[in-house]
Amino acid sequence: MARKTAFMAAALSAVALTLTACGGGGSETDATTLRRSIGASPKSVDPHKAEGTWENDVIGDMFIGLFTEDVEGNPIPGMAESWTTSDDGLVWTFKLRDANWSDGQPVTARDFQFGMRRILDPKSTGSAYGSLLYVLKNAQKVNSGELPVEELGVKIIDDKTLEVTLEYPAPYLPGLLKHYVSFPVPAHVVSELGSGWVKPENIVVNGAYKLDEWRTGDFLRSVKNPGFYDAENVCFNEIVYFPYSDHGAVVRMAQTGKLDMANAFPNERYEELKESLPGWPRVFSMMTTTYVSLNNQQAPFDDKRVRQALSMAIDREYITEKVMGAGQTPVYGLVPKGMRNYPEGAQITWKGLSRADRLVEAKRLLEEAGFGPDNPLKFEYIYRSTGENPKAAPVIQANWLEIADWVQPEIRRVDTQVLYKQLQQGDFEASDAAWVADYNDAFNFLYLFDSRSGPMNYGNYSNPEFDALIDKSHLQLDPVARAKTLRAAEQVLMDDSAMIPMWTPGRQYLVNPDITGFEPNVEDIHRSRYMCRKSLKEG
Amino acid sequence: MQNNSAPSSSSNALSRLASRFPTGYALRRLLIAIPTMLAVITMAFFMMRAAPGNPYSTDRKLPPEVEANMKASLGLDKPLVQQYAEYVGKVARGDFGPSMRNKDKTVIELIGEGLPVSLTIGAASMGIALFIGSLLGVLAAIRQNSFADYSVMGLAMFGISIPTFVTGPILSLVFGVYLTLFAVGGLDMGRMNFNNMFLPIVTLALPQIAIISRLMRASMIEVLRSNYIRTARAKGLSERSVLLRHAAPAAALPLVSYIGPATAGLLTGSVVIERVFSLPGVGKYFVDGALNRDYTLVLGVIILYAGLIVIFNLLADLLYGVLDPRVKY
């Protein structure tokens, strides 16, 4: 017994000793390291296989396209030193800057051609996002295997000159050429190593940072690339990306100094965090619109009056302020504010009415459409199981019930992946949906309602007038005239109540006030190479 | 069984145990495991495929040519039966294939990265739970209906009814944020240490301590009422010897059938613990994989889980033979 007691005492003191030794929370970290939580584990760091914004956080620190972004996300020349555009806006010729890959090899026009061919080659990556490059001549036909990759409109003039031919003029091309789908990849490495080229031990980059270590679900660590053309202005020596998905845990880590920034925090804690972590919470809008999609081809939503009535009844202000309250803004148009070359979007005409008047008008419209106590309006509203949507859905249902007691919506929560499948198949009556723009241009929102967009036009909206305006915009080189045409198209959508615009989701970040170079922007792009620590700058 | 106090006799006991080891029985069980595993793989394979969605479905509908390209790159363009046959063939050769969503890594690589963390948390919390749980259970049983009993059982009820997604953040807040004794989450650049493992292990152990102490108490009370214990006491054996040598091993039997599958479950990761403490274990793969329709990753984790269940059930059955002399194989 005595021996046992002695053993227990020893064990306890060992535990106590270790406790003391380990006290003090998180480990010491170098001030020259930026520690950012990106919210999810990257599925791939290959620019041609990536699909998510969190992957872009890592990839965009490693690769530079013909264009890149400034601290606010605007396109600026990247690997392109200069360029010329033909009069018809179809041929762009880029002169490349003198820059090297991290293994010392020069970045050449071949690397760009190789990259664009690779993402579009049906036998290559199987990329989900290759279609973003369909603006390139023959891209769609190459991607579908109808034409060989050699037919793609990307030509090498010489080592440092690249010629890109388009299907139609695209004034937004610089924005697209800073997207990871158009990034160059080191042809000499990818040809040799295949899909293994992105492993930390093999990867070769042309950007500010190079992946050095990657433990799935744990962290990715990139180190400064001394060969980067702007290396002298890069502050941090290392970037550690954490894939933490639990927002509560992220807050606790920020509180204990384990993180410098995180791309999410729990919405409902916004007010509290302003107090407990002063200067940290940042909320801003991004180029996303949440909307209610209505099946335009099926009764009862084939009737414009019914669509408008439901849109009028929703109290967007209450939902954004009271139910969410962390940077979301109510919207009365499809294209969110702040899109490039699109200063003012279209608006729903009845926006000026009070809520009470809207409800009266909604009831009148429904009665006119033949609904009433004897013919109740019954339909099902499905909503995504993720994010804020489960909170908003019951409020939306209650809003509709306010029109009259014979408006009888049922709501059903659906696994997000299943919901999008149903939307794409047109297998729904009313559903919530959201669109995050792939690039900063109003067309990227409006094309969703083009009758030729196929399954992306969830509600099967079709109006020849709208389609004609979209076609017209494709031929306009003047950004002002083009914006006017696109706005007219958006107004057609609003007048038809093709869908119900709801709100622009807020983007919530926690950023240590000591970190500089973080600027809120609608594209939600924040490159580590612009960031620094005040103390480092002063030092 | 009875002579485990002196070192010399314990080595004798070991060799006796080894000679009594039912090799034939264990081999038979392992052979039976093969069709069991095959059935698990088959069911999981076809159930995964029956779920709506696929590894490449996103919020945007892919152009048909892109969808075809992605399908082909994942091998999903072949007939389902052929995919199944190829998959089983590969698994038999130890190749679990590339993950369909985590495109830069294979399933084996992913499990290799996550399993050490899950194993550490699972094994440590089960060890702690077994030790503390059985001690508390025995204590409650011998002091039945006393204050000690009520306290232990009250705590146990508390431990069972408060889920880990509540205790985890609370412990993390109190011991991590306020007292700064332990890390609030995450590893230390890939390294596990006492600082970042303590809270997750304790959080995971708490409900297990509760369950085990209740099981142990109930079983101990029953054993203490049996005739052979009365005989042992009548023979004048000390209370300690009655409890530890005669009652405890018999009382541990129901525990053994519980800890077999429970250990397998803990070792393959707890998705809640991994999320709350931002730890890179395999539990997360299972849930994320299922949500993202990462067929190969989910199957990989299922095979791992099923394999561990088979092994731990076999170990539990073998342990029966050690604890209960009446068991014959």
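Residues numbered from 1 in each chain as written. Chains lettered and ligands numbered in written order. Predicted model: local features only at pLDDT ≥ 70, side-chain atom pairs only at ≥ 80, totals over all residues. Heavy atoms only, no water.

## A closer look at the overall build of chain B
For chain B, the helix and strand inventory stands at 14 helices and zero strands. Each helix and strand of chain B, ordered N terminal to C terminal, gives the series α-α-α-α-α-α-α-α-α-α-α-α-α-α. By principal-axis analysis of the C-alpha atoms, chain B measures approximately 85 × 55 × 35 Å. Residues classed as buried in chain B amount to 49% of the 329 residues present. Taking the intrachain contacts of chain B between residues at least 6 apart in sequence as the baseline, contacts between residues at least 24 apart amount to 73%. Total accessible area computed for chain B in this model is approximately 15,600 Å², and 69% of it derives from carbon and sulfur atoms. (Helix = DSSP H or I, 4+ residues; strand = E, 2+ residues; numbered from the N terminus. Buried < 20%, exposed > 50% of the residue type's maximum accessible area, 1.4 Å probe, protein only. Contact = heavy atoms within 4.5 Å. Areas by Shrake-Rupley, 256 points an atom, 1.4 Å probe, with all protein chains shown as cover.)

## Considering the overall build of chain A
What chain A contains, in helices and strands, is 17 helices and 21 strands. Scaling as 2.2 N^0.38, a compact globule of 539 residues should have a C-alpha radius of gyration of about 24 Å, and chain A matches this with 26 Å. A principal-axis box enclosing the C-alpha atoms of chain A has dimensions of 80 × 80 × 45 Å. Burial status across chain A gives 58% buried among its 539 residues. In chain A, which carries 56 positive and 73 negative side-chain charges, the distance between the mean positions of the two groups comes to 4 Å. (Rg over C-alpha atoms; globule rule 2.2 N^0.38 Å. Lys, Arg positive; Asp, Glu negative; His and termini not counted. Charge placed at Lys NZ, Arg CZ, Asp CG, Glu CD.)

## With respect to the interface of chain A and chain B
Across the boundary between the two partners, chain A contributes 57 residues, which contact 51 residues of chain B. Interface of chain A and chain B: buried area, both sides summed, is about 5,000 Å²; carbon and sulfur atoms make up 52% of it. Among the residues of chain A in contact with chain B, Lys43(A), Arg252(A) and Gln417(A) are the three that bury the most area, contributing 15% of the side total. For the salt bridge of Glu109(B) with Lys199(A), the shortest nitrogen-to-oxygen distance reads 3.4 Å. (Buried area = accessible area lost by both parts, 1.4 Å probe. Salt bridge = Lys/Arg side-chain N within 4 Å of Asp/Glu carboxyl O.)

## Overview of the packing of aromatic side chains
Residues and elements named next belong to chain A. The tally for this structure, following the rule as stated, stands at 30 aromatic pairs over all chains. Note on Tyr381 and Tyr383: the rings are 6.4 Å apart at their centroids and 20° apart in plane angle, and the pair reads as stacked. Summarising the burial analysis for this pair, Tyr381 and Tyr383 share the class buried. In textbook terms, an aromatic cluster arises when at least three aromatic residues are bridged by ring pairs, as seen for Phe301, Phe379, Tyr381, Tyr383 and Trp400. (Phe/Tyr/Trp six-rings, centres within 6.5 Å; stacked < 30°, edge-to-face > 60°.)

## Quick notes on the sheet that holds strand 6 (residues 154-158) of chain A
Residues and elements named next belong to chain A. Spatially, four strands are ordered 4-5-7-6 in an open sheet, and the strand pairing comes out antiparallel. Among the strands making up the open sheet, the edge pair consists of strand 4 (80-85) and strand 6. Averaged over all pairs of adjacent strands, the angle between strand axes in this sheet comes to 25°, irrespective of strand direction. Across five bridges, the pairing between strand 5 (residues 91-96) and strand 7 (residues 161-165) is antiparallel. Along strand 7, the bridge assignment pairs Lys95 with Thr161. Against the sheet, helix 3 (residues 109-120) engages strand 5, strand 6 and strand 7, with an angle of about 170° to strand 6. (Pairing = 2+ DSSP bridges. Axes fitted to C-alpha atoms, helices over the stretch in contact; angles between N-to-C directions.)

## Some details on the domain arrangement of chain A
Residues and elements named next belong to chain A. Domain boundaries in chain A define domain 1 (1-62 + 207-284 + 507-539), domain 2 (64-189) and domain 3 (288-504). A C-alpha centroid distance of 37 Å is found between domain 1 and domain 3. Facing seven residues of domain 1, the contacting portion of domain 3 comprises eleven residues. Interface of domain 1 and domain 3: buried area, both sides summed, is about 640 Å²; carbon and sulfur atoms make up 44% of it. For the interface between domain 1 and domain 3, the tally reads two salt bridges. A salt bridge links Arg340 to Glu523; its shortest N-O distance comes to 2.8 Å. (Domains from an automatic or database assignment.)

## Re helix 15 (residues 464-474) of chain A
Residue and element names in this part refer to chain A. Among the residues of helix 15, those classed as buried are Phe466, Asp467, Leu469, Ile470, Ser473 and His474. Projected down its long axis, helix 15 shows its buried positions confined to an angular sector of 160°, all on one face. Along its buried surface, helix 15 packs onto helix 14 (443-446) and helix 16 (479-495). Among the residues of helix 15, the N-terminal cap falls to Asn463, whose side-chain oxygen and the backbone nitrogen of Glu465 are separated by 2.9 Å. (Arc of directions from axis to C-beta. Polar contact = N/O pair within 3.5 Å; in protein donor to acceptor, adjacent residues only side chain to side chain.)

## Focus: the confidence of the model for chain A
Residue and element names in this part refer to chain A. Taken as a whole, chain A shows an average pLDDT of 90; of its residues, 94% reach a score of 70 or greater. Of all secondary-structure elements in chain A, the lowest mean pLDDT belongs to helix 1 (residues 2-22), at 41, while strand 5 reaches the highest, 98. Considering only residues more than four positions removed or in separate chains, one finds that residues 1-28, a stretch of pLDDT under 50, has 17 contacts. (pLDDT = per-residue confidence, 0-100.)

## Details of the state of the cysteines
Linking two cysteines covalently via their sulfur atoms produces the bond known as a disulfide. Residue and element names in this part refer to chain A. Considering all chains together, one arrives at one disulfide over all chains under this definition. The disulfide bridge from Cys235 ends at Cys532, spanning 2.0 Å between sulfur atoms. Residues Cys235 and Cys532 are joined through a disulfide that is right-handed, its torsion about the S-S bond being 50°. Of this pair, Cys235 sits in the loop between strand 9 (219-224) and strand 10 (238-242) while Cys532 is found in strand 21 (residues 532-533), placing the two residues 297 residues apart along the sequence. (Disulfide = S-S within 2.5 Å.)

## Notes on a nonpolar patch on the surface
Side chains of Phe165(B), Val166(B), Ile170(B), Val174(B), Tyr178(B), Leu179(B) and Leu181(B) sit close together on the surface and give an oily, nonpolar patch of about 640 Å² of accessible area. For Leu181(B), the position within the fold is in the loop between helix 7 (164-178) and helix 8 (194-224). (Patch = residues over 30% accessible without salt bridge, like charges linked within 9 Å, V, L, I, M, F, W, Y side chains within 5 Å.)

## Here's the deal with the nonpolar core
Counting 185 residues, the largest nonpolar core has Leu66(A), Ile319(A), Trp400(A) and Phe449(A) as the members making the most contacts within it. Ranked by the residues each element gives to this core, the list is headed by helix 14 (residues 295-323) of chain B, at twelve residues. Once residues lying within four places of it in the same chain are set aside, the contact partners of Leu66(A) are Pro77(A), Gly78(A), Met79(A), Ala80(A), Phe94(A), Leu96(A), Phe112(A), Met116(A), Leu162(A) and Leu177(A). Judged by nonpolar contacts, the second largest core, of 35 residues, contains Leu204(B), Val223(B), Ile229(B) and Ile259(B). (Core = buried A, V, L, I, M, F, W, Y, C linked by side-chain atoms within 4.5 Å.)

## Describing the pattern of salt bridges
Pairing between side chains of opposite charge can happen when their charged atoms approach one another. Residue and element names in this part refer to chain A. Counting across every chain of the model gives 37 salt bridges over all chains. Residues Lys160 and Asp98 are paired through a salt bridge, measuring 3.9 Å at the closest nitrogen-oxygen approach. Here the residue Lys160 occupies a position in the loop between strand 6 and strand 7, and Asp98 occupies one in the loop between strand 5 and helix 3, the gap between them amounting to 62 residues. On the basis of relative accessibility, which here comes to 17%, the residue Lys160 falls in the buried class. Arg482 is the salt-bridge partner of Asp441, the closest N and O atoms lying 2.9 Å from each other. Of this pair, Asp441 sits in the loop between strand 17 (430-436) and helix 14 while Arg482 sits in helix 16, and the two are 41 residues apart along the sequence. Take Asp441 and Arg482: they sit in the same class, and that class is buried.

## Quick look at the side chain of Asp432(A)
Residue and element names in this part refer to chain A. You can see Asp432 is positioned in strand 17. At 3.0 Å, the side chain of Asp432 forms a polar contact with the backbone nitrogen of Arg384. Contacts of Asp432, omitting those with residues within four sequence positions, involve Tyr291, Val292, Tyr381, Ile382, Tyr383, Arg384, Asn389, Leu419 and Leu423.

## Here's the deal with helix 8 of chain B
Residue and element names in this part refer to chain B. The end-to-end C-alpha distance of helix 8 is 39 Å, clearly below the 45 Å that 31 residues give at a rise of 1.5 Å each. In helix 8, a bend of some 30° at Ala205 exceeds every other bend along the element, and Pro207, a proline, comes one to four places later. Of all the 31 residues making up helix 8, 22 are buried; the element is thus mostly covered by neighbouring parts of the structure. (Expected span 1.5 Å × (residues − 1). Bend = angle between axes of the 7 residues up to and from the residue.)

## Let's talk about the confidence of the model for chain B
All names here are of chain B. Of the residues in chain B, 91% have a pLDDT of 70 or more, and the chain-wide mean is 86. Across chain B, the element-wise mean pLDDT spans from 60 in helix 1 (residues 7-20) up to 93 in helix 8. Ignoring residues within four places in sequence, the model shows residues 1-8, a span with pLDDT below 50, making nine contacts including any to other chains. ipTM for the predicted complex: 0.80, alongside a pTM of 0.83.

## A word on the pairing of strand 1 (residues 33-37) of chain A
Remark: a regular strand shows side chains that alternate across the two faces of the sheet. All names here are of chain A. By the criterion of burial, strand 1 is predominantly enclosed, with five of the five residues buried. Taken together, the five bridges between strand 1 and strand 10 define a ladder with parallel strand orientation. Across the sheet, residue Leu34 finds its bridge partner in strand 10, namely Ile239.

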